[in-house]
Amino acid sequence: MIKKSGVAALAAMVLALSACGSGSESPPAQSDGPRVLKLWHYEAAESAMGKAWAEAIKKFEASHPNVKVEFEEKSFEQIQKTASMVLNSDEAPDLMEYNKGNATAGLLSKQGLLADLSAEVTGRGWDKLLPGGLQTTAKYDERGVMGAGKWYGIPNYGEFVMVYYNKDLFEKHKVEVPTTFEEFTAALDTFVKAGVTPIGTAGAEYPAQQIFYQLALSKADRAWVDAFQAYQGKVDFHGPQFTYGAQTFADWVGKGYLDKKSSGIKAEDMGVSFMKGEHPMMVSGSWWYGRFASEIKDFEWGHFLWPGATMAPGSSGNLWVVPEKSENKDLAYDFIDITMSKDVQNLLGNSGGVPVAADPAAITDAKSKELIESFNTLTARDGLAFYPDWPAPGYYDVMVAATQNLINGSKQPAAMLDELAQPYEDNLADLGN
């Protein structure tokens, strides 16, 4: 499951999408009443994906006059915690957005809960729109390990973690955008001396663990990522990478770079605090970008890649997956096809997303161009390092608890790394590695 630098041209891919399906799924017999496509996703309405997929629903219903899309918005946490149970019941949707990686989509594919999309991928030409590294998170082998095997999901956007910053607060405190790690920590010190907590984060969900992982990545290389994420080598949880990440994270809490109270904060509250101008910086993903562009009115903002690192948490976007129990697989495939169309991809790109099949000339929004340029910079240096919770089932909750323990000081870095090591090693044993 290795990200290749061929993703660098992500925003510049302009390829024709085949309009016909593979014929691998026969539609159910038509009834007198309308059919229903039951769709779940967890993107906010004002996010780039939320806007693009709302448009896709309109286009789908226009091209399928006897079909009604029944959309239910779910939270990321809700789907993360209940997917296996729901997809093994009669309540499963026909199409669902789901997290990618061994611990999530890989686990569901191994459990037989996801439909094999391989025939549709080649029949509809999706593989041509998702070359190289973009296919990594879409394919899973019989062990549920990503990077090879059958197609169980389709991403239609890219994502990565960056540093969002409040330009007005930077100007007020005479802080320049840092280009080195030393300049970064100097900027953090400047804000702390002024009585301002520089980085807003959320320990109760994913953001804090991504900071810990980003710090580890600043001392890592691709071989280390491959070992941790793809089991292509031995991972030493007390080696220089994780040790630096844990110790530096704990130091940052002690220095006031991160709020000690953030252990109980959720991602939504973190984002709202940044939008209110309460923190000069926020470390999180591109999924916030479109929402910030729509909702931040009181100050100027921007972003930069983590100084002093060549890699960052990131990958192709979350996946469209089709539950094996879906009775409308043909409709689900048609909907995925529409989300890969140029119109929807262009809208996604101009709304603050990172499209996989947009027309570069159609991306006219200045901030969207900045986002795509940063993604291309990162992918050109093979810098997408996935996410820390991916390697093992249940690892997301392990990561949340471990970083909370660092924030509130209930565990020292070495003990926190032991907390991470055991479930990882247990999973390797289960896989026979």
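What counts and what doesn't
- Residues numbered from 1 in each chain as written.
- Predicted model: local features only at pLDDT ≥ 70, side-chain atom pairs only at ≥ 80, totals over all residues.
- Heavy atoms only, no water.
- Pairing = 2+ DSSP bridges.
- Helix = DSSP H or I, 4+ residues; strand = E, 2+ residues; numbered from the N terminus.
- Phe/Tyr/Trp six-rings, centres within 6.5 Å; stacked < 30°, edge-to-face > 60°.
- Buried < 20%, exposed > 50% of the residue type's maximum accessible area, 1.4 Å probe, protein only.
- Salt bridge = Lys/Arg side-chain N within 4 Å of Asp/Glu carboxyl O.

Draft legend 1. Structural detail: the sheet that holds strand 3 (residues 95-98). Spatial ordering of the open sheet is given by 2-1-3-12-6, a layout of 5 strands whose pairing is mixed. A single partner strand is all that each edge strand has here, and the edge strands are strand 2 (67-73) and strand 6 (154-155). In terms of strand pairing, strand 1 (residues 35-41) meets strand 2 through 7 bridges, oriented parallel. Pairing of Lys38 across the sheet is with Glu70, part of strand 2.

Draft legend 2. View of the packing of aromatic side chains. This model, assessed by the stated rule, comprises 43 aromatic pairs. Residues Phe181 and Phe184 carry aromatic rings whose centres are separated by 6.4 Å and whose planes lie at 75 degrees to one another, so their mutual orientation is edge-to-face. Separated by 3 residues within a single helix, Phe181 and Phe184 lie in helix 7 (residues 181-193), roughly one turn from each other. The pair formed by Phe181 and Phe184 is uniform in burial state, with each residue classed as buried. Ring centres of Tyr206 and Trp287 lie 5.7 Å apart, and the angle between their planes is 75 degrees; this geometry places the pair in the edge-to-face category. Here the residue Tyr206 occupies a position in helix 8 (residues 206-217), and Trp287 occupies one in the loop between strand 9 (281-285) and helix 12 (289-295), the gap between them amounting to 81 residues.

Draft legend 3. Just the pairing of strand 10 (residues 301-304), in detail. The two faces of strand 10 match: Trp301 and His303 on one face and Gly302 and Phe304 on the other face are all buried. Taken together, the 4 bridges between strand 7 (residues 157-166) and strand 10 define a ladder with antiparallel strand orientation. Opposite Asn166, over in strand 10, you have Trp301 as the bridge partner.

Draft legend 4. Quick peek at the pattern of salt bridges. Here the structure, examined in full by the defined rule, presents 18 salt bridges. Here Asp330 and Arg35 are joined by a salt bridge, their closest N and O atoms 3.0 Å apart. Here the residue Asp330 occupies a position in helix 13 (residues 329-339), and Arg35 occupies one in strand 1, the gap between them amounting to 295 residues. On the basis of relative accessibility, which here comes to 9%, the residue Arg35 falls in the buried class. Measuring nitrogen to oxygen at the nearest pair gives 2.7 Å for the salt bridge that ties Glu268 to Arg291. Taken as a pair, Glu268 in helix 11 (residues 267-275) and Arg291 in helix 12 lie far apart in primary sequence, 23 residues in all. Overall, the relative accessible area of 37% leaves Glu268 in the partly exposed class. On the accessibility criterion, Arg291 (13% relative accessible area) is buried. Salt bridges sharing partners connect three or more residues here, namely Glu120, Arg124, Asp334 and Asp337.

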